[in-house]
Each structure stands twice: as structure tokens, then as C-alpha cells.
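Coordinates in review
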Amino acid sequence: MGGGGGHASSMADLFDMMSGGGGGGRRRGPEKGEPIVHKLKSSLREMYNGATRKLALTRKARCVACKGTGTKSGRSYVCKTCNGTGIQIHIRQLGPGMIQQMQSKCSACDGTGEMIPADDMCKKCNGKKFVTEKKIFEVDIEAGMKHGQKIVMRGEAGYTQPGVAPGDLVFILEQKEHDFFTRKGADLLMTKEITLTEALCGYKFEVEQLDGRKLVVTQKPGDKVTKPDSWKCVNDEGMPVHQAPFQKGNLYINLQVKFPEKISPSECAKLRSILPQQCSYEEADEDSDDAMEDQEEDVEHVKTRDVNIEQELRNRKDFGKAHNYNDSSDDEGGMGGQRVQCHQQ
Ligand SMILES: [Zn+2]
Ligand SMILES: [Zn+2]
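Sequence order sets the numbering: in each chain, residues are counted from 1 along the sequence as written. Key to labels: chains lettered from A, ligands numbered from 1, both in the order written. Thresholds applied to this predicted model are a pLDDT of at least 70 for local features of residues and 80 or more for the giving and counting of side-chain atom pairs; totals over whole chains, interfaces and linings are not thresholded and use all residues. Remark: hydrogens and water are excluded; side-chain values derive from all non-hydrogen atoms of the structure.

1. Examining the environment of Ser73
Tracing the backbone shows Ser73 in the loop between strand 2 (51–62) and strand 3 (87–95). Once the C-alpha coordinates of Ser73 and Asp120 are considered, the two residues, 47 residues apart in sequence, prove to be 6.5 Å apart. In protein, a polar contact means a hydrogen-donor-capable atom and an acceptor-capable atom, both N or O and within 3.5 Å, with residues adjacent in sequence counting only if both atoms are side-chain atoms; elsewhere, any N or O pair within 3.5 Å suffices. Of the polar contacts made by the side chain of Ser73, one reaches the backbone nitrogen of Arg75; its length is 3.1 Å. Put simply, DSSP marks the helices as runs of H or I at least four residues long and the strands as runs of E at least two long, and each gets a number from the N terminus on.

Written out as C-alpha cells, the structure is:
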């Protein structure tokens, strides 16, 4: 046990050394107040360019009128109920030779250990020793900072009690969603919809970068055809790297191809004559569907319907199980549909 304690205090010393001392000879008890943590919503634009945000916050400050004593005279008064410990001890006899001891916060002084008489109470702070002040903080969001990153303002959390240094004021960045950019580390991702015509014949579109520049993305006619759901990368147009702002991530653009809803038969004829790939449906087919079926016995023309396959598969999950009472065998599972047919015959 003793070893563990020694370790802890040496760790505290080490921390003092690293943080530039200031702790002096005090080793036990809190030397610094608890940090106060705020969430700070920030736009991707601010994280790209860097920004200074002015925030008005209220915090505790030592009462100047009484120099933090809480009294007009500067005297301190010990609570008589708890003798200044702030703790009340209750002893309960549970049985012969059995005593239960319970501690609670002193109700007379609310655990402060002090009772200031009304006539000596500081009017400015009502004996609380602190006042609340409003302060405007300038918080620097540096270029490249990320969602969840902490901005620490040392010793700005405000006054807590005599002998305790103010804690840190901490802001945790919360990135607001951007209209079209998604951030992945230092990279930016976006989706761009182009038409089928653009996919085949080239395109040109602008992307407004987070610093306001307009990036023009071009695919010339005669270049490769753009396939649906393909990706393009623009090097070094992602987010700046924190503390190395000239180093940047990439911008990745996901290209979605919007197809026309319908094309008329005459337009189809034109397309067939233009496009380099063959078409399995020739114009001659249009009149001869029935004729072909008559000629070839094994050929059957089937109908299709449009499906959303994910939803379809969810609905189909139980298909074929309805009359399958014996579901113990896995390899027969797929045969359920056939079995139903057999029963019906
Ligand atoms: Zn008390
Ligand atoms: Zn005061």
C-alpha cells in the first residue's frame, strides 16, 4: 500500500516538473481546480481556414471587496457545529458493543466549516467569497483541427477556493455537418451527380473549396467514359494537416450517373447507330416476337418487374417455408418451394 502511495506522489512531482512547477511544496490534496469543459460547435470551413471565436462565458472570480474572506472585517469564523471540519459524525448503537458511525456534510455550514455572522458578512458576495463575472474568451481554432479535439486555456476555469489554482478551461470541438463535404481524417469526400450524357461525352463542374476558391473539374469528350459510382481524386485539395497547414489531404469525388427515365424508340435507333457497343434488341425484333415463339417450342418470353433487391430479399426470406413443417435439415431448406408444389398437385 505504502509503495503505491509513494508512486502516486512521485507521479505528481513529475507532473509538476513537466507543467513548469508552481505546485511548490504542496503534494497532497487538490492544487488545481477541476477543468471546465465546453462543447464548441465549429464549421468545416473554420477547421480548414482556422478561426478565432469570441465566446462570452460566466465564471467565478475571487471577491475583491472582501479579498476572498467573505467577511467585512477579514476575520474567519469557525462553524461551532462541526468545529470547522464541515463534517458531522452520527453514532448509532446497533446492539450491545456494536456501534455504527456515519458521516455527513455539516448541515449548519453546508460543509464549508465556516459560519459568518450576518453583521460581518461581505455584502458584495454574501459571504460566498466569490462573485460571478462574465468574460469574453477568444478561442483559436487552428487550421486542420478535428472533431473531438480539445483546445485548452490553462488556468481560465475561474476561482474555486483559497489555495487552489484555477483549473483549465477546455473546449471540445464539435464539427457541424457540411452541405456536401464529408471529412475522413485529412481527406474530404463528396458526391457529384452527372448525367448519362456527361458520363459518355465529358463534363465540367465547379466545387467550391472551403477557402472560397472554385475548383473546376473537367473530363474532356473522348476521354474515358465515366462509370456509375466511380471515384476521382484531386490531390492536395483535402483538409490541411494540423500544425503543418501546407500539407493537405486529398479530395475524393464519387460520381453518380443519372440516367434518363425513358428514351423513345426513334431516339434508341439513333443511339444504336452511334454507340460503339452492340445492342441485343434489334429493330427487326419489334414485329417478330410472337412469330419467334411459334417457331421455337423451347422459347418462352417472360415478363420482368422492377425490384428493390434489398427489400425484395427481406420479403422473400420466409418464402417456401409456409408448408415446410420439417425444418430440421439445412440442405433441404432451399427445396421448400418445390415441396409446396408437390402438395398442391
Ligand atoms: Zn459546520
Ligand atoms: Zn466578498
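2. Focus: the coordination of the zinc ion (ligand 2)
Metal donors were taken as nitrogen, oxygen and sulfur atoms no farther than 2.8 Å from the ion, or 3.2 Å where the ion is Na, K or Ca. Water is excluded, so coordination may look unfinished. Binding of the zinc ion (ligand 2) to the protein goes through Cys63 (SG), Cys66 (SG), Cys122 (SG) and Cys125 (SG), at separations of 2.3 Å. Here the metal geometry follows the donor angles, with tetrahedral for four donors whose angles all fall between 85 and 135 degrees, square planar for four and octahedral for six when opposite donors are more than 155 degrees apart and every other angle is between 65 and 115, and irregular for all the rest. Classification of the site at the zinc ion (ligand 2) as tetrahedral follows from its four donor atoms and the range of 103 to 114° in their angles at the metal. In the primary sequence, the donor residues of the zinc ion (ligand 2) line up as C-x2-C-x55-C-x2-C. Taken together, the residues span a long stretch of sequence, with Cys66 in the loop between strand 2 and strand 3 and Cys125 in the loop between strand 4 (98–105) and strand 5 (130–141) at a distance of 59 residues. Here Cys66 and Cys125 have matching classes, each one buried. Any residue under 20% of the maximum accessible area for its type is buried, any over 50% is exposed, and the rest in between are partly exposed; the area is computed with a 1.4 Å probe on protein chains only.

3. Digging into the packing of aromatic side chains
Two aromatic rings from Phe, Tyr or Trp, using only the six-membered ring of Trp, form a pair when their centres are within 6.5 Å; if the ring planes differ by under 30 degrees the pair is stacked, by over 60 it is edge-to-face, and anything between is tilted. Under the definition given, this model contains two aromatic pairs. Taking 4.7 Å as the distance between ring centres and 55° as the angle between the ring planes, the aromatic pair formed by Phe180 and Phe181 counts as tilted. In this structure Phe180 comes out as partly exposed when scored by relative accessible area, which is 34%. We classify Phe181 as buried; its relative accessible area is 3%. Relative to Phe205, the ring of Tyr203 lies with its centre 5.5 Å away and its plane at 25°, an arrangement referred to as stacked.

4. What to know about the sheet that holds strand 6 (residues 150–153)
Whether two strands pair depends on DSSP finding at least two bridges between them. With mixed pairing, three strands are arranged side by side in an open sheet as 1-7-6. In this open sheet, the two strands that pair with only one neighbour each are strand 1 (36–42) and strand 6. Neighbour to neighbour, the strand axes of the sheet diverge by 25° on average, direction disregarded. As judged from the seven bridges shared by strand 1 and strand 7 (residues 169–175), these two strands associate in the parallel manner. Bridged to Leu40 within strand 7 is Leu173. Inter-axis angles, ranging from 0 to 180 degrees, are taken between N-to-C directions of lines fitted to C-alpha atoms, where helices are fitted over the stretch in contact.

5. Some details on the coordination of the zinc ion (ligand 1)
Coordination of the zinc ion (ligand 1) by the protein is provided by Cys79 (SG), Cys82 (SG), Cys106 (SG) and Cys109 (SG), with metal-donor distances spanning 2.2 to 2.3 Å. For the zinc ion (ligand 1), the four donor atoms in the first shell make angles of 101 to 117° at the metal, a pattern classed as tetrahedral. Look at where the donors of the zinc ion (ligand 1) fall in the sequence and you get C-x2-C-x23-C-x2-C. One end of the pair, Cys79, is in the loop between strand 2 and strand 3; the other, Cys106, is in the loop between strand 4 and strand 5, and 27 residues separate them in sequence.

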